[in-house]
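Take a look at the letters that make up each chain.
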Amino acid sequence: MLSEQLSPELRAAVAGHPNTPAAVLGRLAADYPAQVLGNPALSLLRLAHPGLLEGWPTDTVLNLVARPQAPDWLRRYALAHADSRFQVAVAGHPALTLDEVRQLARHTVWKVRARVAARPDLSLELLTLLLGDPDYGVRLVLAARANLPPDAAERLGQDASLLVRQAMRQRLLP
């Protein structure tokens, strides 16, 4: 009953309360993701209900996965999920390990690789790998990076894709 009140403060408090049922958390997570992720009972609910997230709206879970405070178990869930939207959502997460980022940089879906290409902490190894990506969309994301090394910029300036070359020319304009 409290979760259906008009007061956003009250609904946020319910989302963070450890006695809130799992189904109610799933409904509140769309509007109060930080409170749900900070709920001290969330990990216990996951253990008590192994299919906890499958009962929640997909868009809500995707939003939770992408948040910096998403716990390790939620990131692992996203990395192993069959739906590539989960890997797209988690690819920019700041707490991923280098091995996880490497795995995502080799993903079959270009949108996942593009999210890796946009990471501010992209290693030189993965930058080099993604410079040779078969999808121009990934290389276009690389071309938009502010901290692009000169050799990478030169390579993208001669890219096979007209759009990538144009993006590199735009960087040279005042």
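It should be emphasised that the depicted structure is a prediction, and the values quoted were computed from it without experimental measurement.

Glancing now at the packing of helix α8 (residues 98-105) against helix α10 (residues 124-131). Viewed as axis vectors pointing N to C, α8 and α10 meet at an angle of 5°, and their least axial separation amounts to 11 Å. Between α8 and α10, the angle falls in the class roughly parallel. Between α8 and α10, the contacting residues are Leu98, Val101, Arg102 and Ala105 on the first element and Glu125, Leu126, Leu129 and Leu130 on the second. Tallied by class, the residues present in the contact of α8 with α10 amount to six nonpolar, no polar and two charged.

Bringing the environment of Val88 into the picture now. Tracing the backbone shows Val88 in helix α7 (residues 84-90). Sequence spacing of Val88 and Arg115 is 27 residues, and the spatial spacing of their C-alpha atoms is 6.5 Å. Here Val88 is in contact with Lys111, Val112 and Arg115, once residues within four sequence places are set aside.

Right, let's get into helix α11 (residues 136-143). What α11 keeps buried is the set Gly137, Val138, Arg139, Leu142 and Ala143. Against the buried residues of α11 lie α9 (110-117), α10, α12 (150-157) and α13 (162-172). You can read the cap of α11 off the contacts: a side-chain oxygen lies 2.7 Å from the backbone nitrogen of Gly137, and it is on Asp135.

Cut-offs used in this document
- Residues numbered from 1 in each chain as written.
- Predicted model: local features only at pLDDT ≥ 70, side-chain atom pairs only at ≥ 80, totals over all residues.
- Heavy atoms only, no water.
- Axes fitted to C-alpha atoms, helices over the stretch in contact; angles between N-to-C directions.
- Helix = DSSP H or I, 4+ residues; strand = E, 2+ residues; numbered from the N terminus.
- Parallel < 35°, antiparallel > 145°, perpendicular 65-115°, else oblique.
- Contact = heavy atoms within 4.5 Å.
- Nonpolar A, V, L, I, M, F, W, Y, C, P; charged D, E, K, R; others polar.
- Buried < 20%, exposed > 50% of the residue type's maximum accessible area, 1.4 Å probe, protein only.
- Polar contact = N/O pair within 3.5 Å; in protein donor to acceptor, adjacent residues only side chain to side chain.

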